[in-house]
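One-letter residues, chain by chain:
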Amino acid sequence: MAADSMEIDDSLYSRQRYVLGDSAMHQMAQSSVFLSGMGGLGIEIAKNIVLAGVKAVTLHDTKRCETWDLGSNFFIRKEDVLSQRRRGEAVCPRVAELNPYVHVDMSSSALDDNTDLSFLRKYQCVILTEARLSLQKRVNEFCHTQQPPIRFIGCDAYGICVRVFCDFGEEFEVSDPTGEEPKEIFIQSITQDNPGVVTCMDNQPHGLQTGQSVVFREVNGMEELNGASRQVSVLSPHSFAIGDTSQLQTYAHGGFFVLVKSPKTYRFETLERQLRDPQVLTPDFSKPEAPLQIHAAMLALDTFQEQHSRLPNTGCVQDAEVLLKLTEEVNATLRNKAPVNTELVHCLSRTARGTLPPLAAAVGGLASQEVLKAITGKFAPLQQWFYLDAIEVVRPLQSLPAEEFVPRGDRYDGLRACIGESMCIELHKLRVFMVGCGAIGCEMLKNFALLGVGLAKSSGEVCITDPDLIEKSNLNRQFLFRPHHIQKPKSTTAAEATEDINPDLHVNAHLNKVCPATEGIYTDSFYSRLNLVVTALDNVEARRYVDCRCVSNQRPLLDSGTMGTKGHTEIIMPNLTESYNSHRDPPEEEIPFCTLKSFPSVIEHTIQWARDKFENMFAHKPSMYNSFWQTHSSAEVVLQRMQMGESLEGSFQVIRLLSRRPSQWEQCIAVARLKFEKYFKRKALQLLHSFPLDTRLKDGSLFWQSPKRPPAPIEFDFNDTLHFTFVVSLARLLAGIYNIPYSEKDLSEEVVFRVLSDVKIPEYQPSEKCIETDETAKKPDHIKMPLSSEEEREAIIQLEQAIATNVTPERLQMSQLLFEKDDDSNGHMDFVASASALRANMYSIEPADRLKTKRIAGKIIPAIATATAAVAGLVALELIKVVGGYGFESFKNCFFNLAIPVVVLTEPAPVKQTLIRDNIYFSIWDCWAIFGHEDFTLSDFMNAVREKYGIEPTMVVHGVKMLYVPVMPGHSKRLKLTMQKLIKPSVDRRYVDLTVSFAPEADGDDDLPGPPVRYYFSRNGETR
């Protein structure tokens, strides 16, 4: 985003714009950041803030590249180590490559207790990593006293412990603490009282808090409230008081309210003042004292460094005891403190020289979001400390001999100091399957490279798959990709970039979707070779499928996802935890058909209506048209069959499309103009004819009352840009599906006006057709509906006329358009945005800008690199635990929202054991097995289950096919049939999973559920 023009490059930043908003994006484009320390944590922050699009970043570092750095800094290469380059010099050009709009420079000047800090005045935010506490205090004091203050962030990572400290000055104003979009909530009633009570329609929760303010719109009766802001006092989830309304007019009906977003001021203390009385965030409520315990231990570590000019030696018992004593001394001076955690201090001492790259990634994501908050005033800042430990990763390793952790002169020395040589070897041997190579996928691959996951020389492998190609909007968060990679496959490009970070990795890239259609590739034997599966997906359906395959094949699954600043991670372990499919979010509420068609009340309804129009006209109808003519060889044959009284599915719709098919650009414009008339004038006139404004329901209430809005017909005005855009965009799309050429000149106002002036608009005649008002009614399928004799006659006449004018093969073809939201040149968004805005105008709904329309119409998930980096780091930490074979209590799921900020670590849900009966239990991970042979009958199968598992099967189902249900006629005869004959497996099918129900203990009770029973067609059926 060029700061001078202040234009936001939407093709790059579109997903992030939905997270931060344009105001914050503009502020970033004018902000300069100073970042010191190019270790693992510093480079993570550099990556995230450059991707975000600040104006300028200075990368400060005084060290030279060492072999050790290769295991923590993904932008340092082996040749940098060999040539003894400065770390800043090595990483600066690689960081700059991430975003052409950001100026990245470097500094290797000394920054210590004697440095003149006046050079920092040109920066809006200063971040220190790898800096001694004394220097952090000095720089923070300088930043705090400036006018305006320079926002200060201090970050440290030592082994298993990390900390972030923020000081944004005495008073820091935040424009939007949560970033949540306020919803329009419709009103059921408002009492005329002191206080007046507002009740939400249909018991919808208002989500308000006492002290917040709302503004009212479109209230009938108590009209003095319209446009007024009132402070609320919450009474229940569906009602709230708004002060005295007794002197206002009586509430009649309608109206809605919206939360008023108000700025909030946050106050910060300096590092010096916060040290004794720290204000901390608690991420893990199973150990609420941990943040204060880490605070004391890390302050003691700062003191240890001051006294010894070094960090504690790995595995040195004496150093550990010194650190413990220092921690106790520090803790005694704190006002806000917790008991000293001896185990934590010992683990910190042992690992302080080491690095856990996933921990740096996780906290780097959080710290980067704080940088963006500091320079934009968007979202609530961290107050003021964040502490996180990974003690669960190292706790089981404490009894290992000291030589496990000693350096060996390679890139894994930092990691080895934390987890030991044996665990590093296990990581090298790992065989991982990762599904998806988007934003989370890129971050995960970077973590794999730093951890040494799947090395070729150790017979390890990282198999990745993604069918997508790289688009420009990906570059904002998928940091392994560059502009020259656009339109190249994500998986192969990501594989190359990962092997560039760590050449020893064996990355096997595929271009497949993981779905039932690719089970021939991702077979059971494929899964049997894996150690674990990682999902980096952006949709629930794909996650559910991968989860099923992992449960079926008893493989651990690490799942994660983000939406804007929110993120989640979930660890799924065979026989220990529930699976992804064990919990289901409630399905997304569908907008009722009648609401979309006739009674929109909010902007989402008009956007969905426009999107549906696009899908129907330009995707569904062409598809239906093409498949009809592929089935029926010629128009003459269809005519002959229809004349003989044959009913052909879809014929009426297809013949109508054929008979009305435009053949010239001018006809496309004429059709678009008539569509304008139909959608935005006649629809309104027809509704008001069917339901005049004074229409009342049976109970005497008005038909046209909130949330129903009466429409107002729109007269076409050529000089109205919106009207012109609708007609031209629709004409272009029609030309696209009918393969009609047009030139740039054809799109000019002059040509369009000339054509429009000749279009004859038929006079409106009201119809007496019934308009659907039932909110439970579904959209009718016109193709499946039988034709009336009149429609059949009309279709035959139209087809005869079409044949008379020569039906060429080209006329029996249409081009299907797939909605592409990110290409502004194709007219897709022009049509959806203009159609939605016109419909909103017709119903007096406040229109949305193009950006919001694009998000809703394109179902875009807001995304930002900070959250992506954080989830991938948290997942990679869990991966180490999986590899180590740790117990259930070690694993952590996480939910976070970096905007608020809140981080919540919890234990996964333990697997549920379901009692069948008589001490026979099963869980989602169980699968009973029966081995058969060619002559094995259904009766043999039932007997085998009873003998092996001690319970009587009563019903057997394969997918949706009922193989045996005793009450079904003829099913008892099936008992003699072979399983081969009943199931009819494909040639390569070795087994099937059957759903079997079991006999209840008492007659009359329901049949009992059980685990799937895997039936193998032969003794050696296990190999597939």
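Residues numbered from 1 in each chain as written. Predicted model: local features only at pLDDT ≥ 70, side-chain atom pairs only at ≥ 80, totals over all residues. Heavy atoms only, no water.

1. Description of the overall build of the protein
- Each helix and strand in the protein was counted, giving 31 helices and 32 strands.
- By the compact-globule yardstick of 31 Å for 1024 residues, the protein fits well, its C-alpha radius of gyration being 33 Å.
- Looking at the 1024 residues of the protein, the share that counts as buried comes to 55%.
- Across the protein, every contact between residues at least 6 apart in sequence was considered, and the portion connecting residues at least 24 apart equals 73%. (Helix = DSSP H or I, 4+ residues; strand = E, 2+ residues; numbered from the N terminus. Rg over C-alpha atoms; globule rule 2.2 N^0.38 Å. Buried < 20%, exposed > 50% of the residue type's maximum accessible area, 1.4 Å probe, protein only. Contact = heavy atoms within 4.5 Å.)

2. A look at the sheet that holds strand β29 (residues 953–958)
- If you trace the five strands from one edge of the open sheet to the other, you get β28-β32-β31-β29-β30, paired in mixed fashion. This sheet does not close on itself; its edge strands, each paired only once, are β28 (928–931) and β30 (961–964). Averaged over all adjacent pairs, the angle separating strand axes in this sheet is 35 degrees, with direction ignored.
- Sheet topology note: the strand β31 (residues 991–998)/strand β32 (residues 1013–1016) ladder contains four bridges and is antiparallel. Bridge pairing in β32 links L994 to V1013.
- On top of the sheet, helix α30 (residues 938–949) reaches β28, β29, β30, β31 and β32; it is set at about 130 degrees to β28, its chief contact. (Pairing = 2+ DSSP bridges. Axes fitted to C-alpha atoms, helices over the stretch in contact; angles between N-to-C directions.)

3. As for a nonpolar patch on the surface
- Taken together, the side chains of M962, V967 and M968 make up a nonpolar region of the molecular surface, amounting to roughly 300 Å² of accessible area.
- Inspection of the secondary structure assignment puts V967 in the loop between β30 and α31 (979–983). (Patch = residues over 30% accessible without salt bridge, like charges linked within 9 Å, V, L, I, M, F, W, Y side chains within 5 Å. Areas by Shrake-Rupley, 256 points an atom, 1.4 Å probe, with all protein chains shown as cover. Salt bridge = Lys/Arg side-chain N within 4 Å of Asp/Glu carboxyl O.)

4. As for the confidence of the model for the protein
- Mean pLDDT over the protein stands at 93; residues scoring 70 or higher make up 98%.
- Note that residues 1–5 has pLDDT below 50 and, in this model, eleven contacts with residues that lie over four places away or in other chains. (pLDDT = per-residue confidence, 0-100.)

5. Focus: the pairing of β29
- Examined bridge by bridge, β29 and β31 share four bridges and lie antiparallel to one another. In the strand pairing of β31, V957 is matched with T995.
- Pairing of β29 with β30, which is carried by three bridges, proceeds in the antiparallel orientation. Bridging across to β30, V957 finds its partner in M962.
- Here β29 folds back onto β30 in antiparallel fashion, the turn holding two residues, of which G959 has a positive phi close to 60 degrees.

6. A look at the sheet that holds strand β23 (residues 566–572)
- Strand order in the open sheet formed by eight strands is β20-β19-β18-β21-β22-β23-β24-β25, and the pairing between neighbours is mixed. Each of the sheet's edge strands pairs with one partner strand only, and the pair in question is β20 (507–510) and β25 (902–906). Taken pair by pair, the neighbouring strands of this sheet meet at an average axis angle of 10 degrees, ignoring direction.
- Across seven bridges, strand β22 (residues 557–563) lies against β23 in antiparallel orientation. Bridging across to β23, S560 finds its partner in T569.
- This element, helix α15 (residues 439–451), spans β18 (431–435), β19 (461–465), β21 (532–535) and β22 of the sheet and lies at about 165 degrees to β18.
- Across the face of the sheet, helix α29 (residues 865–883) comes into contact with β21, β22, β23 and β24 (893–897) while running at roughly 170 degrees to β22.

7. Structural notes on the packing of helix α8 (residues 290–308) against helix α9 (residues 317–333)
- Axis separation between α8 and α9 bottoms out at 8 Å; the angle between their running directions is 120 degrees. Compared by their axis directions, α8 and α9 come out oblique. Both α8 and α9 take part in a crossing whose hand is right-handed. Residues A296, A297, L299, A300, L301, T303, F304, Q307 and H308 of α8 form the contact with α9, whose own contacting residues are D319, V322, L323, L326, T327, V330 and N331.
- Broken down by class, the residue content of the contact of α8 with α9 amounts to ten nonpolar, five polar and one charged. (Parallel < 35°, antiparallel > 145°, perpendicular 65-115°, else oblique. Left-handed = near helix turned anticlockwise from the far one by under 90°. Nonpolar A, V, L, I, M, F, W, Y, C, P; charged D, E, K, R; others polar.)

8. Structural notes on the packing of aromatic side chains
- Following the criterion strictly, the structure yields 50 aromatic pairs and no others.
- For the pair F165 and W385, a centre-to-centre distance of 4.7 Å together with 50 degrees between the ring planes defines the contact as tilted. Here the residue F165 occupies a position in strand β6 (residues 161–167), and W385 occupies one in strand β17 (residues 385–389), the gap between them amounting to 220 residues. Side by side, F165 and W385 carry an identical accessibility label, which is buried.
- Through successive ring pairs, a cluster of aromatic residues spans W609, F614, F618, F676, Y679, F680, F716, F726, F819 and F831.
- Positioned above the aromatic ring of F479 is the side chain of K47, whose terminal nitrogen or guanidinium carbon lies 5.2 Å from the ring centre.
- Sitting over the face of the ring of F599, K708 holds its NZ or CZ atom 5.2 Å from the ring centroid. (Phe/Tyr/Trp six-rings, centres within 6.5 Å; stacked < 30°, edge-to-face > 60°. Lys NZ or Arg CZ within 6 Å of the ring centre and 35° of its normal.)

9. Notes on unusual backbone geometry
- Look at the link from N194 to P195: it is a cis peptide, with omega at 5 degrees.
- Position of P195 among the secondary structure elements: in the loop between β8 (185–190) and β9 (197–200).
- Between I900 and the following residue, P901, the backbone shows a cis peptide bond with an omega angle of -15 degrees.
- With respect to the helices, strands and loops of the structure, P901 is situated in the loop between β24 and β25.
- In this model, E130 sits at a positive phi of 55 degrees, which is unusual for a non-glycine residue.
- Within the secondary structure, E130 sits in the loop between β4 (125–129) and α6 (133–145).
- Given a relative accessible area of 41%, E130 falls into the partly exposed group.

10. Here's the deal with the nonpolar core
- Residues I419 and F448 are the most contacted members of the largest nonpolar core, which totals 173 residues.
- With sequence-adjacent residues up to four places away left out, F448 is seen in contact with V432, M434, V453, V462, L505, V534 and L879.
- Listed in part, the 79 residues of the second largest apolar core include A610, F716, A795 and I796. (Core = buried A, V, L, I, M, F, W, Y, C linked by side-chain atoms within 4.5 Å.)

11. So, the pattern of salt bridges
- One pass over the structure, following the stated rule, counts 56 salt bridges.
- Note that D319 is salt-bridged to R310, the shortest N-O span being 2.8 Å.
- Of the residues examined, D319 reaches a relative accessible area of 6% and is grouped as buried.
- On the basis of relative accessibility, which here comes to 27%, the residue R310 falls in the partly exposed class.

12. Observations regarding the environment of T853
- Positionally, T853 belongs in helix α28 (residues 850–857).
- Take T853: its relative accessible area is 2%, and that puts it in the buried class.
- The spatial distance from the C-alpha of T853 to the C-alpha of N626 is 30 Å, given a sequence separation of 227 residues.
- Residues in contact with T853, not counting those within four places in the same chain, are I607, M829, V832, A833, A848 and G858.
- Reaching out from T853, the side chain makes a polar contact with the backbone oxygen of D849 at a distance of 2.9 Å. (Polar contact = N/O pair within 3.5 Å; in protein donor to acceptor, adjacent residues only side chain to side chain.)

13. Focus on α30
- Between its terminal C-alpha atoms α30 stretches 16 Å, which fits the 16 Å expected from twelve residues at 1.5 Å a residue.
- Looking at the buried residues of α30, the elements they touch are β28, β29, β30, α31, β31 and β32.
- One or two residues past the end of α30 sits G950, with phi positive at roughly 70 degrees. (Expected span 1.5 Å × (residues − 1).)

14. Quick word on the packing of helix α20 (residues 603–631) against helix α27 (residues 828–842)
- In the contact formed by α20 and α27, the axes pass within 8 Å of each other and the chain directions differ by 135 degrees. On the basis of their axis angle, the class for α20 and α27 is oblique. Crossing geometry of α20 relative to α27 is assigned as right-handed. Between α20, through I603, T606, I607, W609, A610, R611, K613, F614, M617 and F618, and α27, the contact on the second element is made entirely by H828, F831, V832, A835, S836, R839 and A840.

15. Re a negative patch on the surface
- Side chains of D202, E772, D774 and E775 sit close together on the surface and give a patch of like negative charge.
- By relative accessible area, E775 is classed as exposed at 53%. (Lys, Arg positive; Asp, Glu negative; His and termini not counted. Charge placed at Lys NZ, Arg CZ, Asp CG, Glu CD.)

16. Things to note about the side chain of N893
- Here N893 shows up in strand β24.
- Among the polar contacts listed, one links the side chain of N893 to the backbone nitrogen of I571, at a separation of 2.8 Å.
- Sequence-distant contacts of N893, defined by excluding residues within four places in its chain, comprise T569, E570, I571, V904, L905, T906 and P908.

17. Things to note about the pairing of strand β2 (residues 56–60)
- With respect to burial, β2 is a largely interior element, five of its five residues being buried.
- Taking every second residue as pointing to the same face, both faces of β2 are buried, with A56, T58 and H60 on one and V57 and L59 on the other.
- Alignment of strand β1 (residues 32–36) against β2, held across five bridges, turns out to be parallel. Its bridge partner lying in β2, F34 is registered against T58.
- Remark: the β1/helix α3 (residues 40–52)/β2 crossover connection has right-handed handedness. (Right-handed = clockwise from strand over helix to strand, strands pointing away.)

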